[in-house]
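# Breakdown of the fold
So the chains spell out like this:
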Amino acid sequence: NEPILICILMFPALTMFLLSPFPRQGAGGWTPRVSNRDQWLQIDLGDRVAITAVATQGGYGSSDWVTSYVLMFSDSGRNWKLYRHEESIAGFPGNANADSVVRHRLRPPMEARHLRFLPSAWNRDGRIGMRVEVYGCPFRSEVIDFDGKSSVLYRFVQSTRSPVKDTISLKFKTTQSDGLLFHRRGRSGDCITLELVKGRLLLFFNSGNAAPSPSGPDGVALGSLLDDQHWHSVLFEHARQLVTLTVDRHSRQFQAQGQLSHMDLDPEISFGGILAPGKSVTFQRKHFDGCLENINFNGEDIIDLAKSSGPSSPGNASFSCSQPQSVPVTFPSSRSHLVLPGTLAQDGASISFQFRTWNQAGLLLSSCFQCPIRGYVQTDLMVSVGLTDGQWFTGSLSDLYSPGVGLNDGQWHSVSLTVQRDQLSVVVDQAGALTVRTAQPLETHAGSAYLFGGCLPPGSGSGCEAPLAGFQGCLRLISVNAQEVDLISVQRGVLGNSSGLRIDSCGILDRCSPNRCEHGGRCSQSWTAFHCNCTGTGYTGATCHHPLYEQSCEAYKHRGESSGRYYIDPDGSGPLQPFPAFCNMTDISWTVMQHNGSALTRVKGADQENAHWAAFQYEASLEQLLATIAHAGHCQQLLEFHCRRSRLRDSRDGTPLSWWVGSTQGTRTYRPGSAPEAQMCACGLAGNCADSRDRCNCDADQDEWTNDTAVLSYKEHLPVTRIVVADAARPSSAAAYKLGPLLCQGDRSFWNSASFHTETSYLHFPTLHAELSADVSFFFKTRASSGVFLENLGITDFISLELRSPMEVAFSFDVGNGPCEVTVQAPAPLNDDRWHLVRAERNTKEAWLQVDLLPPGTHAAPEDGHVRLQLNSQLFVGTATRQRGFLGCIRSLQLNGKTLDLEERAQVTPGVEPGCRGHCSTYKRLCRNGGRCRERPRGFSCDCELSAFSGGLPWGVQIRNKTSSATNSSPHAASFHGDMTLAGEMITFSFQTRQTPSLLLYVDSFYDEYLSVILANNGESHLSVSSAVRVECSVSKPLELETRKNFHTLQTPVCSILLCFPGLQKYCFKCIISDTAQAGARGFSGCLSALQFERAAPLKAALRPGRSGRTSVQGPVTSSECGAGPGGDAAREHTHARAAGTPGRGAMGTARRCGLTVSLAPSPGVVAVSIFVLLCVAAVAVRLYQHRSPYTATEAEGPRKQGSSVAVPRCELGGQDATCGDRQAGF
C-alpha cells in the first residue's frame, strides 16, 4: 500500500511528477489541450502490480480539476477493461478543488501493468486537470501458455494423513470460448472436471465413464464472458461431499452428488486437457488455448514444479504468456458508428468481422455499390441481407435471408460477406455459405464507404434509411478485401471517421451474471438493462423479490378470507418457497399441513432386527415446516398408537421398542399428552394406565387391543417425520398407528407490537444487512401528523421511512447515486388511529412503496449506477436523529421476511411500551353475522354469543320427523327483548330440504295473530299472515327449487306488517290463507340453520350445552353442520396472490318485485340460501290491552289530520287468492 508511481510518461511525450498526498509539493499536472470525454491519462507501471488504491488532485495552482473519472487497466497496453468500482461502471468521484487529495481503495485489488484515467466530468469554470498517485505492492506471477494441444499432468504422493480438504487455485485468460482447465479422476471411474464452455465455467461430476453433461444435474455454471483475454481467478475447494467454487469473487457452494469425497480421487490432476497415460478415456474435451497463472494445489506451486520437469508436460506448453492481441471496438449507443473508406476492386468486395451483443436487433453494416446493397445483422436469430433494384430496402428482412440463429447470446460470432458480380454470399460462424443472386451485375466504386453501426445523422448525405436501430455491442477483426483494419489508426483520426466509439475495449457486461433475479426468476438482458421473468415463482417485482402470498393463515384471516387452501410463504421474501396448506378460519385460524401417511397403518412381524419404519412426506419441506412452526403461537399433531402385545418399551432394561422421530432427528419415546422430560404417556401422568406399574397402556403387554393416543404439542420436536415399530413379531402381537396432520394456530409475529409515547423514544436493532435488495413491511396507527418510522445510516448511504404529513408516506434512501425518494399520497388522512399497512422495497432495479392497497409509487434505479446499500449504524425504529420521532403504534415489523421482536426490546426501553390497543377500530368488520369485536392484548376476538353463527359456521339442526320443532316454552319469551318496545324485528335463517310443502317458520302472539313462512308444492316460498295483520311489501317471482342438498336463498325487500288486535277491527283487515295449515300438518324434514331473531340466536341457544330454559326442543332434532354445505365457503381453493383483489363469492341473482316470493339465480355448486323476513311489529298484545284507549284515540286521529288513506290491494300468494278488503289505515 505504498506509493509506486514517481513519474508518468504520457502520450505524446510528457513527463509529470507527483508527490501526493502532500498537496502542494507536486507541481504541474496533466491538462490536455481540449477538454472532452475522449481524453485519457495512461500509465505504464513497468510490470504487473497488485494495485490497492488510487488518489487524485487537480492541477497545481489552477481551477482545473476532474470531478469524476473512470479507471481502465490492461496487461499489454491493448484490449482495455473497465474497473467496476463497487460493481458500478459510473466510475469514481473526483475532486472538489485543485488541492485536496481524494483517495479510493480498490476492493478488490487488481493486477495490471497499464492504467488509464478517463475524465468523465470536470470543473465547469476550468478544464481537465489531474495529478494522480497509485498505491500497491509487487505481484509474483508464474504463467504457462497452452496452445490448445498441450497439457500438464501433476502426480503427487498421498500421505497417510489426508488433508481436511483439497484446494485448487489458479488464474486464466483466453480468447477462446471453450477449453478444459483441469480434470481429476476417481478410483471407481468418477471424475471432476472444470471446463470453459461458451465463455462460462462449468464444474461437474460424473459417475463411471459417462460423458459429463453441462446441463446435467451435477453441473454447476459460474461466470460469464470469460473469453475476453483478461485474467480471471478461480478457487476450487472440496471437503468430503461439500464443494465450493469461486470465480472472480462470486461463489457457489453445493453438495457433490453421490458419495464422491475428495479422499476418493486419484493422486493426479491434469491441467489444460485430459491426460491419462495407460488409461482409457471414453470422452474427449477441447484442450485449453490460453494462459494459466499461479496454479496451486494444496500449497504446491504446479507451474514452478513444471519448470523443473516434475510433472509430465507434453505438447508445446511455454512458460510465458504470448497470446495474440486483438483490438475490439465498442458501440455503446445506437448512435455510435464507424465509417471506413472503400477500396477499388475489379472482382467485387469482401468484408468480414466478428461481433457480440445482447440486443435482438441492430444495424451492423451498410454500404452503397452500383446497385444498393445493404447487409444487416438482426440478432433475433438471423443475419439478413436485403436486395432491391435501386431502392433502399424498408421491408421485412426475415423474408429474404436468415442464415444465423441465437446470435444475441453475448458470444463472438463471425460474419463474412462477399460480393462478386451478380451474387452475394454470407457465411455466419463458418456454418456454410448462403448465396443470393442479383438481377444485374454489381460493381464497386472508388469512394464507396462501409458504415458500421447506426446510420449517419440526417443531412450527412449518406442516404442511409435503415429499418433497424443502430447496433449496440462489440466488433473485432474487421477486414475489408482481405486487409485487416487498423482500429488504432481510426482512434488517432488517421483512418476513416467515427462517433461515440470506445476503441481498444469491449465494454459488454453480462447483467445476468450473477443472476439478480431472486427465487428462481429467469433473467434476460439487452445491452443496457436486465429483466426478470417471475412467472411461476410465487414472487413479483422487478427482481422477483416481493412475495405474492402471506406468511400465515392468520394474515389471510385478517384480510377477510374464508376457509380454504392457500399458499403460505413462511419467510416472506426469504429463500424459502411458498407451499400449499389448508387454512381453517374458525375463531382461531388453523394451518393444516397434510402428509402422505394419514391412514391407519397396521404392523405385524416387526422386531428389533427387522423393524418397521415409516417416513412421512409433507406438502412442504422440513425447512418450510420449521419456519411455519417458529411463526405459530401453538402447534400440535395427533399420534394414535394401538397395540396388542406390542410394547413401547422393554420393561427389563427400558430399551425403546417403538418410537417416533421429530424435526431434530432424535429418538422420541414420550407419547402424546406428556412433556418430553417425563418420558411417559398421558396415562402415566394421570396414573390411570392399564397396569399401574407401567408408564403407558401398551407397556402392559395385554392380549387385547388398547392404545396410547393424545396430542403432541412440543413445538421444538415437531413435525413427526418417522415412526418405528419393533415389537410386533411375537405370537398374537400386532400394532397400528395413525398420524394426523400438523396443525398450527396463530402467528406470533402478526401481533408483535410496540407503542411509542414520546417523540424522542426509539428502539434500536442490529444494522440492516441488505446490500442488493431490502424490503420492509409493518402496520402503524397514529394520531400524529408526522413522524419517522425507521432509519438506518451509513457513511453516505442511508434508508428511511417516514409519515411526512397526514396524507403522505415517504421512502428515502441513498446507495451512492445521490438521495432518492418515493412517496405515496393517500386520499384520506392516515392519522385516523386505525391500522395501515406500509410495504417498501429497494433492489438493483427500482425502489417501491405501497400504503394499504393504494397504487404503489416506484423509482427506477440507474442502469449503470451503484447498487450496494452499505450501512453501518444501528437500525432505529423511531428516530435517533433530530427529526421528529413517531408517536403511535407499530406492529408486525419485518425486514427481508424476518420479524423484529418489538415487544422484547420495548420492555427495556423508556418511552416505549410493548403491545398496542384499539384493534377493533380496524378489524371489527371481520366479525360477521352479528358478532361483536372484543379487544385482546394481542389482537381481538369475535363474540358470537348473540349470533346464529359460531367460528364462521352457522348453528344448524337436522330435523328427521315432520312434527319436530324447536319452540319457546313460555309465552313470556315471545320476544327475546322482553324489556323493550320494538318497532320491528328481523328474522333470518337458512334451510335445506326435499319436502314440499314444508312449514319453515311459524310465529304467533299467543292470541289471534300469527306469521308463517312455508315452502309450497310448486317450490314457491309464501309469507302468510293472520287476519290481524296488514301487509305492505313487494317481493320477487317464485324461486325455482332444485332437489337434493342445495340451499336456496329467498330475500324479501321491505315488508311493512301492521298488527291489529281484538277490539280494533275497524282498523284491520282479514287474510285467510289455507297453505299454512296444510304445511303445518306435514311439518318440516331437512336442515335449518343460522336462525337469527334480531340479536338472539334461538337455535344456538336451544342446541348448545346448558341451554336456557326459555327454549325447548320437541321430536328428533340433532345438532349438525349441515348449514355449512359441501363445497361452500368453508372449503374453497385459494391460490390467488395477495397483490390481487379478494376473489368474489358466487354472485346471487337480482330480486325482482312481483308478489310475495323471491327468485335468486343459484351460483354453481351448492348455493347457500338465506330467507330474510322483515317483520314490523308496532306493539305486543299485552301492551295493546293495557293501553287500548290511548292507542285507539291517538292513532285514529293521525290519518284524519293527514287527510290520507292507504288502500290495500288484492294479493296473489303462490296461486292462492287472499281477498283483502280496503280499509282506512288506523296506525
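In this text, all values refer to a predicted model and were calculated from it rather than measured experimentally. (Residues numbered from 1 in each chain as written. Predicted model: local features only at pLDDT ≥ 70, side-chain atom pairs only at ≥ 80, totals over all residues. Heavy atoms only, no water.)

### Some remarks on the overall build of the chain
Worth spelling out the cut-off: Every helix listed is a DSSP run of H or I at least four residues long, and every strand listed is a run of E at least two residues long, numbered separately from the N terminus. Any residue under 20% of the maximum accessible area for its type is buried, any over 50% is exposed, and the rest in between are partly exposed; the area is computed with a 1.4 Å probe on protein chains only. The contact rule is simple, with two residues in contact once any of their heavy atoms fall within 4.5 Å.
Counting its secondary structure elements, the chain contains 11 helices and 85 strands. Within the chain, the fraction of its 1227 residues that count as buried is 51%. Within the chain, counting contacts between residues at least 6 apart in sequence, those at least 24 apart form 71% of the total.

### As for the environment of Val66
Here Val66 lies in strand 5 (residues 66–74). Sequence-wise, Val66 and Pro93 are 27 residues apart; in three dimensions their C-alpha atoms are separated by 8.8 Å. Among all residues touching Val66, those that are not within four sequence positions of it are Gly94, Asn95, Pro119, Ala121, Trp122, Ile128, Gly129 and Met130.

### A short note on the sheet that holds strand 48 (residues 667–668)
Heads up, the rule is: Pairing between two strands is assigned when DSSP locates at least 2 bridges connecting them.
Pairing is antiparallel across the open sheet formed by four strands, whose spatial order is 45-50-47-48. Two strands bound the open sheet, and with one partner strand each, they are strand 45 (612–615) and strand 48. With four bridges joining them, strand 47 (residues 658–661) and strand 50 (residues 722–725) adopt antiparallel strand pairing. Across the sheet, residue Trp659 finds its bridge partner in strand 50, namely Val724.

### Some points on unusual backbone geometry
The residue after Ser513, namely Pro514, is reached through a cis peptide bond having omega 0 degrees. Examined against the element boundaries, Pro514 turns out to sit in the loop between strand 36 (502–503) and strand 37 (522–525). Leu718 connects to Pro719 through a cis peptide bond whose omega is 0 degrees. Even without being glycine, Asp248 reaches a positive phi, approximately 50 degrees. Along the chain, the position of Asp248 falls in the loop between strand 18 (242–247) and strand 19 (250–255). Phi at Asp701 takes a positive value of approximately 55 degrees, unusual for a residue other than glycine.

### A word on empty space enclosed by the protein
For the record, the criterion: As defined here, a cavity is a set of points on a 1 Å grid over the protein atoms alone where a 1.4 Å probe fits but cannot get out. A pocket is an open set with protein on both sides within 12 Å along at least five of seven lines, and residues line them when an atom is within 4 Å of a point. Grid points are joined across faces, edges and corners, and a volume is the space filled by probe spheres set on the points.
One pass over the structure, following the stated rule, counts 14 cavities of 30 Å³ or more. Lining the largest cavity are 17 residues, with Phe813, Val815, Asn817, Ala861 and Pro862 positioned closest to its centre. Those elements that place two or more of their residues in the lining of the largest cavity are strand 57 (808–814), strand 60 (846–851) and strand 61 (857–860).

### Concerning the state of the cysteines
Our working definition: Here, the term disulfide refers to a pair of cysteine sulfur atoms separated by no more than 2.5 Å.
Within the structure shown, the criterion is met by 12 disulfides. Put simply, Cys635 and Cys744 are joined by a disulfide, and their sulfur atoms are 2.0 Å apart. Across the disulfide from Cys635 to Cys744, rotation about the S-S bond amounts to roughly 110 degrees, and the bridge is consequently right-handed. Of the two residues, Cys635 sits in strand 46 (residues 634–644) while Cys744 sits in strand 51 (residues 734–745), which places them 109 residues apart along the sequence. Judged by its relative accessible area of 0%, Cys635 is buried. Overall, Cys744 belongs to the buried group, its relative accessible area being 2%. Cys927 shares a disulfide with Cys942; S-S distance 2.0 Å.

### Quick notes on the packing of aromatic side chains
What counts here: Aromatic rings from Phe, Tyr and Trp, with only the six-membered ring used for Trp, were paired whenever their centres fell within 6.5 Å, and each pair was classed as stacked if the ring planes differed by under 30 degrees, edge-to-face if by over 60, and tilted otherwise. Consider the ring centre and the ring normal. A charge sits over the ring if Lys NZ or Arg CZ is within 6 Å of that centre and within 35 degrees of that normal.
Applying the stated criterion across every chain yields a total of 27 aromatic pairs. Note on Phe146 and Phe288: the rings are 6.3 Å apart at their centroids and 70 degrees apart in plane angle, and the pair reads as edge-to-face. Residue Phe146 is located in strand 10 (residues 143–147), and its partner Phe288 is located in the loop between strand 20 (268–271) and strand 21 (289–297); the two are separated by 142 residues in the primary sequence. Side by side, Phe146 and Phe288 carry an identical accessibility label, which is buried. Over the ring of Trp835 we find Arg891; its NZ or CZ atom is 4.5 Å from the centre of that ring.

### Some points on the pattern of salt bridges
To keep things clear, this is the line we draw: The term salt bridge refers to a pairing of a side-chain nitrogen on Lys or Arg with a carboxyl oxygen on Asp or Glu at a separation within 4 Å.
Applying the stated criterion across every chain, the model contains 32 salt bridges. A salt bridge links Arg140 to Asp301, with the shortest nitrogen-to-oxygen separation between them at 3.2 Å. A residue pair is termed long-range when its members are at least 10 positions apart, and Arg140 in the loop between strand 9 (131–138) and strand 10 and Asp301 in strand 22 (residues 300–301) qualify at 161 residues. Given the relative accessible area of 17%, Asp301 is considered buried. Across the pair Arg184 and Asp166 runs a salt bridge whose closest N-O atoms are separated by 2.8 Å. Of the two residues, Arg184 sits in strand 13 (residues 179–185) while Asp166 sits in strand 12 (residues 166–173), which places them 18 residues apart along the sequence. Of the two residues, Arg184 and Asp166, neither departs from the other in class, the shared state being buried. Via salt bridges that share partners, Arg647, Asp650, Asp701, Asp727 and Arg730 belong to a single interconnected network.

### Focus on the pairing of strand 19
Here six bridges tie strand 18 to strand 19, and the two strands are oriented antiparallel to one another. Of the residues in strand 19, the one forming a bridge with Thr244 is Gln253.

### So, helix 4 (residues 622–631)
Those residues of helix 4 that fall on the buried side of the exposure criterion are Gln624, Leu625, Ala627, Thr628, Ile629 and His631. Where the residues of helix 4 are buried, they touch strand 42 (579–585), strand 43 (589–593), strand 46, strand 51, strand 63 (888–895) and strand 64 (898–899).

### Observations regarding the sheet that holds strand 58 (residues 820–825)
To be explicit about the condition: Only C-alpha atoms enter the line fits that serve as axes; for helices the fit covers just the stretch in contact. Angles between N-to-C directions range over 0 to 180 degrees.
The six strands are arranged 53-62-55-56-57-58 in an open sheet whose pairing can be described as antiparallel. Both edges of this open sheet fall to strand 53 (762–765) and strand 58, since each of them pairs with a single strand only. Within the sheet, the average angular offset between the axes of one strand and its neighbour, ignoring direction, is 15 degrees. Pairing of strand 57 with strand 58 involves six bridges; the strand directions are antiparallel. Across the sheet, residue Glu808 finds its bridge partner in strand 58, namely Gln825.

### A look at a positive patch on the surface
Put simply, the rule reads: Each patch is built from residues that are more than 30% exposed by relative accessible area and take part in no salt bridge. Like charges join if they lie within 9 Å; nonpolar side chains (Val, Leu, Ile, Met, Phe, Trp, Tyr) join within 5 Å. Per-residue and other accessible areas were derived by the Shrake-Rupley procedure at a 1.4 Å probe size, with only the shown protein chains allowed to occlude residues. The charge count includes Lys and Arg as positive and Asp and Glu as negative, but it does not include His or the ends of the chains. By convention, the charge on Lys lies at NZ, on Arg at CZ, on Asp at CG and on Glu at CD.
There is a patch of like positive charges on the surface, built from Arg834, Lys924, Arg925 and Arg928. By secondary structure assignment, the location of Arg834 is in the loop between strand 58 and strand 59 (836–842).

### Some points on the environment of Asp125
Relative to the elements of secondary structure, Asp125 occurs in the loop between strand 8 (102–122) and strand 9. For the pair Asp125 and Trp65, spaced 60 residues apart in the sequence, the C-alpha separation amounts to 9.8 Å.

### Describing the pairing of strand 38 (residues 530–533)
Looking along a regular strand, one sees the side chains alternate between the two faces of the sheet. The side-chain alternation of strand 38 yields one buried face, formed by Phe530 and Cys532, and one unburied face, formed by His531 and Asn533. Between strand 37 and the antiparallel strand that follows it, strand 38, lie four residues.

### Some details on the confidence of the model for the chain
Test applied: Per residue, pLDDT captures the predictor's confidence, and it can take any value from 0 to 100.
Per-chain confidence: the chain averages 75 in pLDDT, with 69% of residues scoring 70 or above. Across residues 6–25, confidence stays below pLDDT 50; counting only partners more than four residues off in sequence or on other chains, it has 45 contacts. Below a pLDDT of 50 lies the segment residues 370–401, which in the model reaches 100 contacts outside its immediate sequence neighbourhood of four places, other chains included.

### Section: the side chain of Arg476
Filter applied, for reference: Nitrogen and oxygen atoms within 3.5 Å of one another constitute a polar contact, given that in protein one can donate a hydrogen and the other can accept it, and given that sequence-neighbouring residues count only through two side-chain atoms.
Locating Arg476 in the fold gives a position in strand 33 (residues 473–480). Within the buried set, Arg476 has no salt-bridge partner at all; the shortest N-O distance to an opposite charge, 6.0 Å, is to Asp227. One polar contact links Arg476 to Gln354, side chain to side chain, over a distance of 2.7 Å. Beyond its immediate stretch of four places on either side in the chain, Arg476 contacts Thr175, Ser326, Val327, Pro328, Phe353, Gln354 and Trp412.

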